[in-house]
Amino acid sequence: MKYHTLLLYSLCLMGLTACGSEDELTAIPDTMTDCFAPDPNATDAESVLRREFYQTEKCYLLFNDTLRHEKHGTDFNGDDYYFTETLDMGYILGSSTTVTNTYTYEYLQTLEEKKAVAAFLKEYVLPHLPNFLRPFSWFAVYSIMNNTEYTYSETLYGQRSVAIAVGYSFEYLTTEEKQALATSILTTTLGGSLQAQETTLTPFYNICNGLYDGDFMIDDPEDHELNMKALNEAGFLVEGLFWGVIPTTQLYPSKAQDLVSFTELVMNHPRQEVEELYAEYPIVIEKAELLRTLIEELGYIY
């Protein structure tokens, strides 16, 4: 009995000691968030701009895809080695390809340009998006080049950011040109956000359920006009992608392609225009109207 009493007493002392030690622990930094935010002690104009943007809009603003570049020690040769984390934008919205894409960005150079982009997002883009539809961050650059396909993109949707290419003469864009760029950005942002709403989108997907990624037959496989007519009649706007990359006749699109194509349709064309463009294709009109309603119900502000 004495042995058990001593053991219990020792365990109690250990517990008290542990509690005392826990009180002295410091908070562990949130490195995932911290690497998107400017240094809290930085007072340069760009850091102040980015910090103010987050405080008012609750999403981060980036002008460089290097999130962290930290010294982690010295190797056996005496050389410093670093841990570097960059923004991964390898995912292509609406694509089912497993190919990893890499991109080359041309960064904005002047503070005036960066201020102009921040003001543009606040005026033309963010008023349409409630907080939960906003991306974790925006990454603004002059240009975005796909190193795999050697093509240029205006917008990219990634898990942690929406990248936008504003061009080399952003400050000279007209109001109409800024509105067109904003629509492109909003379409990409909404398309990415919607793909995470699988349950909400069930009524939309159910209209063409059983057809996605499937084959169909037309009289002349080389007749693209006939192929598109068959797609429209079935309720689709785009061809399917062979290997997730190559547009192919007699192939229905994936769910992701379907969602992106209809998001682009409703974002770029008012209801009446959609009804006129697809008057002969009632399923297309039905899906467009349903998606428009779902987008409004999610809180998007037209």
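Worth saying up front: this structure is predicted, and the values here are computed from it rather than measured. (Residues numbered from 1 in each chain as written. Predicted model: local features only at pLDDT ≥ 70, side-chain atom pairs only at ≥ 80, totals over all residues. Heavy atoms only, no water.)

Turning to the overall build of the chain, a few remarks are in order. Of regular secondary structure, the chain possesses ten helices and eleven strands. Counting all 302 residues of the chain, 41% fall into the buried class. Of all intrachain contacts in the chain linking residues separated by at least 6 positions in sequence, the fraction that spans at least 24 positions is 64%. For the chain, the accessible area works out to roughly 17200 Å², and carbon and sulfur atoms hold 54% of it. (Helix = DSSP H or I, 4+ residues; strand = E, 2+ residues; numbered from the N terminus. Buried < 20%, exposed > 50% of the residue type's maximum accessible area, 1.4 Å probe, protein only. Contact = heavy atoms within 4.5 Å. Areas by Shrake-Rupley, 256 points an atom, 1.4 Å probe, with all protein chains shown as cover.)

Mapped onto the fold, K122 is located in helix 4 (residues 111-125). Expressed as a C-alpha distance, the spacing of K122 and E57, which sit 65 residues apart in the sequence, is 8.0 Å. Setting aside its immediate chain neighbours within four residues, K122 contacts E52, F53, T56, E57 and P127. A distance of 3.0 Å separates a polar atom in the side chain of K122 from a polar atom in the side chain of E52. (Polar contact = N/O pair within 3.5 Å; in protein donor to acceptor, adjacent residues only side chain to side chain.)

Within the largest apolar cluster, 57 residues are counted, with the highest numbers of intra-cluster contacts made by F120, L121, V125, W138 and L291. With 15 residues, the next largest nonpolar core counts C35, F36, I144 and A163 among its residues. (Core = buried A, V, L, I, M, F, W, Y, C linked by side-chain atoms within 4.5 Å.)

Here the structure, examined in full by the defined rule, presents 17 aromatic pairs. A centroid spacing of 5.1 Å and a plane angle of 25° characterise the contact between Y142 and Y168, whose relative ring orientation is stacked. Highlighted residues: Y142 in the loop between strand 5 (137-141) and strand 6 (143-146) and Y168 in the loop between strand 9 (162-165) and helix 5 (175-195), separated in sequence by 26 residues. Classification of Y142 as buried rests on a relative accessible area of 10%. (Phe/Tyr/Trp six-rings, centres within 6.5 Å; stacked < 30°, edge-to-face > 60°.)

Right, let's talk about the pairing of strand 6 for a bit. Alignment of strand 4 (residues 103-106) against strand 6, held across four bridges, turns out to be antiparallel. Bridging from a neighbouring strand, E106 pairs with S143 of strand 6. In terms of strand pairing, strand 6 meets strand 7 (residues 151-153) through three bridges, oriented antiparallel. Paired with M145 across the bridge in strand 7 is Y152. (Pairing = 2+ DSSP bridges.)

Our focus in this paragraph is the confidence of the model for the chain. Overall, the prediction assigns the chain a mean pLDDT of 85, with 85% of residues at 70 or greater. Across residues 1-30, confidence stays below pLDDT 50; counting only partners more than four residues off in sequence or on other chains, it has one contact. Within the model, pLDDT remains below 50 along residues 94-98, and this stretch shows ten contacts once partners closer than five positions in the same chain are excluded. (pLDDT = per-residue confidence, 0-100.)

With that out of the way, let us pick up the sheet that holds strand 4. In space, the three strands of this open sheet follow the order 4-6-7, with antiparallel pairing throughout. Of all the strands in the sheet, just strand 4 and strand 7 have a single pairing partner and so form its edges. Each strand axis lies, on average, 30° off the axis of its neighbour in the sheet, ignoring direction. (Axes fitted to C-alpha atoms, helices over the stretch in contact; angles between N-to-C directions.)

Summed over all chains, the structure comprises nine salt bridges. D258 is paired through a salt bridge with K287; the nearest N and O atoms lie 2.7 Å apart. In this pair, D258 sits in helix 8 (residues 255-268) while K287 sits in helix 10 (residues 282-297), placing the two residues 29 residues apart along the sequence. For D258, a relative accessible area of 0% gives the class buried. (Salt bridge = Lys/Arg side-chain N within 4 Å of Asp/Glu carboxyl O.)

Two elements in contact, helix 8 and helix 10, have axes separated by 10 Å at closest approach and are oriented at 80°. On the basis of their axis angle, the class for helix 8 and helix 10 is roughly perpendicular. Contact with helix 8, carried on its side by D258, L259, F262, T263, L265 and V266, involves V284, K287, A288, L291, R292 and I295 of helix 10 and no other residues of that element. Taken together, the residues that form the contact of helix 8 with helix 10 break down as eight nonpolar, one polar and three charged. (Parallel < 35°, antiparallel > 145°, perpendicular 65-115°, else oblique. Nonpolar A, V, L, I, M, F, W, Y, C, P; charged D, E, K, R; others polar.)

We now examine unusual backbone geometry. For Y150, which is not glycine, the phi dihedral falls at a positive 55°. Relative to the helices and strands, Y150 is located in the loop between strand 6 and strand 7. Since its relative accessible area comes to 65%, Y150 is described here as exposed. Of note, the phi angle at D213 is positive, near 65°, even though the residue is not glycine. Assignment of secondary structure puts D213 in the loop between helix 6 (202-206) and helix 7 (224-234).

Residues V162 and I164 of strand 9 are buried on one face, and the alternating residues A163 and A165, pointing to the opposite face, are buried as well. Of the strand pairs in this sheet, strand 5 and strand 9 are connected by four bridges, and their pairing is parallel. In the strand pairing of strand 9, A140 is matched with I164. Of the strand pairs in this sheet, strand 8 (residues 155-157) and strand 9 are connected by three bridges, and their pairing is antiparallel.

Bringing the environment of V48 into the picture now. With respect to the element layout, V48 can be found in helix 3 (residues 45-57). For V48, a relative accessible area of 40% gives the class partly exposed. Along the backbone, V48 and P38 are ten residues apart, and their C-alpha atoms lie at a distance of 8.1 Å.

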